[in-house]
Amino acid sequence: MILLLGGSGYIGQAFARELERRNLPFKNLSRREVDYTKFDSLLGFLKSEQPEFVINAAGFTGKPNVDACELAKADTLAGNTLLPLTIANACATLDIPWGHVSSGCIYSGAKIVLNGSERVEKDLTKSELRGVIKQSPENIHGFTETDAPNFSFRDGPCSFYSGSKALAEEGIAGVGRSYSWRLRIPFDEFDSPRNYLSKVQRYAKVYDNVNSISHRRDFASACLDLWQRRAAFGIYNVTNPGFVTTRQVVALIGKYLKPAKRFEYWASDAEFYQTAAKTPRSNCVLDAGKLLATGVKIRPVVEALEDSLRDWKPE
Ligand SMILES: NC(=O)c1ccc[n+]([C@@H]2O[C@H](COP(=O)([O-])OP(=O)(O)OC[C@H]3O[C@@H](n4cnc5c(N)ncnc54)[C@H](OP(=O)(O)O)[C@@H]3O)[C@@H](O)[C@H]2O)c1
């Protein structure tokens, strides 16, 4: 049996559907049934049920967005840092392998090759980078799992949410046997306030940036593939390979959904942060090469976006 924590959430639901589709027996445990945030309760449950694998899709994301985490720092730390550490220690005590839904939001920017040398650029909105991003995307390299997070408490500024996620990865590394699966800006074909493609359509103005992103089902499927193939434990960037600009996403929405609305963009970072956001946002490119090298298949990002928009299911 596989134990699923956080199965009621946006990402947990995708795991539940994928586990069902694969006919893998699992238990979707709610906090109400067993308070798995408490070490003794979780350990007791693990001892009696002896799952072969644990999935942690629980966490505190802040609603409607990460700004809410700045006002609920204790909850953010409890859900995103203390809970994974509790699970890591309980699983390690019984030598149970597990997977944790981490986030790619612990990075900012990308590695850019300019004049033959590579450097990290944290801000991809700089006007001098537009040409490289558009005309030579092969010169934009994503962060790999061995690159230290650069949008974290150790290398700020960062949002409190991102800091709490980076701290969790650091804390669980080396404790027992675990995967840290980095998810980034989930989207799929189901219109929902949590879906990136829905958010882009509903924003008063769009923030133009560059990102690697994850199709929700592709993400859950790739994570389970890693476990089923018995891939080496450790950190994996689980994004659809490649990256997209928000303008590309808007163009694809225009092509497939033909919305009546004309999309407007924030004129600058300054206008965005003065009007629509409080805490800094992570925008970044991740390298999915380690995931692909295990043999796990995942669609390139533009294909996943086009498929989602072609199959769009309005709310
Ligand atoms: N959605 C994203 O954009 C995104 C992007 C990257 C990474 N992630 C990560 O993915 C994980 C799941 O996110 P989600 O979007 O599915 O979140 P969500 O929809 O808000 O669901 C959160 C889940 O976590 C459970 N939970 C357990 N302890 C919690 C606590 N202390 N505070 C809040 N919830 C707690 C909730 O259970 P109850 O039913 O008991 O409340 C619920 O099942 C999180 O670790 C998040 O950091 C999400």
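Residues numbered from 1 in each chain as written. Predicted model: local features only at pLDDT ≥ 70, side-chain atom pairs only at ≥ 80, totals over all residues.

**Q** So what exactly am I meant to see when it comes to the overall build of the chain here?
**A** Helix and strand content of the chain: 12 helices and 13 strands. The C-alpha radius of gyration of the chain comes to 19 Å, within 12% of the 20 Å expected for a compact globule of 315 residues. Considered along the principal axes of its C-alpha atoms, the chain spans approximately 55 × 40 × 40 Å. Counting the 315 residues in the chain, one finds 41% classified as buried. For the chain, restricting intrachain contacts to residue pairs at least 6 apart in sequence, the fraction spanning at least 24 positions comes to 80%. (Helix = DSSP H or I, 4+ residues; strand = E, 2+ residues; numbered from the N terminus. Rg over C-alpha atoms; globule rule 2.2 N^0.38 Å. Buried ≥ 20, exposed ≤ 12 C-beta atoms within 10 Å, placed from the backbone. Contact = placed C-beta atoms within 7 Å.)

**Q** Which parts of the structure should I look at to understand the environment of Asp147?
**A** With respect to the helices, strands and loops of the structure, Asp147 is situated in the loop between strand S7 (140-141) and helix H6 (160-172). For Asp147, a count of 15 C-beta atoms within 10 Å translates into the label partly exposed. With 40 residues separating them in the primary sequence, Asp147 and Tyr107 have C-alpha atoms 9.3 Å apart.

**Q** I tried to follow the site of the ligand on my own but got confused; where do I start?
**A** Near the ligand you find 25 residues, and of these Gly9, Ile11, Ala58, Gly59 and Gly79 are the closest. Every element with two or more residues in the shell around the ligand is listed here: helix H1 (10-21), helix H4 (73-93) and strand S4 (98-103). (Near = placed C-beta within 6 Å.)

**Q** Just to check I follow, could you spell out the sheet that holds strand S5 (residues 110-114) for this structure?
**A** Within a sheet, neighbouring strands are paired by backbone hydrogen bonds and run either parallel or antiparallel to one another. Strand order in the open sheet formed by 3 strands is S6-S5-S7, with antiparallel pairing between adjacent strands. In this open sheet, the two edge strands, each paired with only one partner strand, are strand S6 (117-121) and S7. Here S5 runs beside S6; their pairing, made up of 5 bridges, is antiparallel. Counterpart to Leu114 in the pairing with S6 is Ser117. In this fold helix H5 (residues 127-135) packs onto S5, S6 and S7, with an angle of close to 85° to the strand it touches most, S5. (Pairing = 2+ DSSP bridges. Axes fitted to C-alpha atoms, helices over the stretch in contact; angles between N-to-C directions.)

**Q** Just to check I follow, could you spell out the sheet that holds strand S3 (residues 53-56) for this structure?
**A** Strands sit in the order S2-S1-S3-S4-S8-S12 across an open sheet of 6 strands; the sheet is parallel. The open sheet has two edge strands, strand S2 (26-29) and strand S12 (234-237), and neither has a second partner. Each strand of the sheet is rotated relative to its neighbour by a mean of 20°, with strand direction disregarded. Of the pairings in the sheet, the one linking strand S1 (residues 2-5) to S3 comprises 4 bridges and is parallel in character. Residue pairing for S3: Ile2 is matched across the bridge by Phe53.

**Q** Looking at this structure, how should I read H1?
**A** Note on helix geometry: an α-helix contains 3.6 residues per turn, so any two residues three or four positions apart are oriented the same way. End to end, H1 covers 17 Å across 12 residues, agreeing with the expected 16 Å (1.5 Å per residue, within 8%). All buried positions along H1 are accounted for by Ile11, Gly12, Ala14, Phe15, Ala16 and Glu18. Backbone geometry just downstream of H1 places Asn23 in the positive-phi region, at approximately 55°. (Expected span 1.5 Å × (residues − 1).)

**Q** Would you take a moment to explain the packing of H1 against helix H8 (residues 216-228) for this structure?
**A** If you want to describe how two helices pack, look at the angle between their axes and the distance between the axes. At their nearest, the axes of H1 and H8 sit 9 Å apart, and the two run at 60° to each other. By the angle between their directions, the pair H1 and H8 is classed as oblique. Classified by chirality, the crossing of H8 by H1 is right-handed. Residues Ile11, Ala14, Phe15 and Glu18 of H1 form the contact with H8, whose own contacting residues are Arg216, Arg217, Phe219, Ala220, Ser221 and Leu224. Taken together, the residues of the contact of H1 with H8 break down into 6 nonpolar, 1 polar and 3 charged. (Parallel < 35°, antiparallel > 145°, perpendicular 65-115°, else oblique. Left-handed = near helix turned anticlockwise from the far one by under 90°. Nonpolar A, V, L, I, M, F, W, Y, C, P; charged D, E, K, R; others polar.)

**Q** How should the pairing of S5 be read in this particular structure?
**A** Here S5 hands over to S6 after 2 residues, with Asn115 in that stretch at a positive phi of 50°. With 2 bridges connecting them, S5 and S7 associate as antiparallel partners. Bridging across to S7, Lys111 finds its partner in His141.

**Q** How should I be thinking about unusual backbone geometry in this particular structure?
**A** Generally, phi is negative for residues other than glycine and the peptide bonds are trans, each holding for most cases. In the segment running from Lys63 into Pro64, the intervening peptide bond is cis, with an omega of 5°. By the secondary structure assignment, Pro64 is in the loop between S3 and helix H3 (67-70). Omega for the peptide link from Gly156 to Pro157 comes to 0°, which places this bond in the cis form. The topology assignment puts Pro157 in the loop between S7 and H6.

**Q** Sorry, what's going on with the environment of Thr93 here?
**A** Among the secondary structure elements, Thr93 is positioned in helix H4. When the 14 C-beta atoms within 10 Å are taken as the criterion, Thr93 is described as partly exposed.

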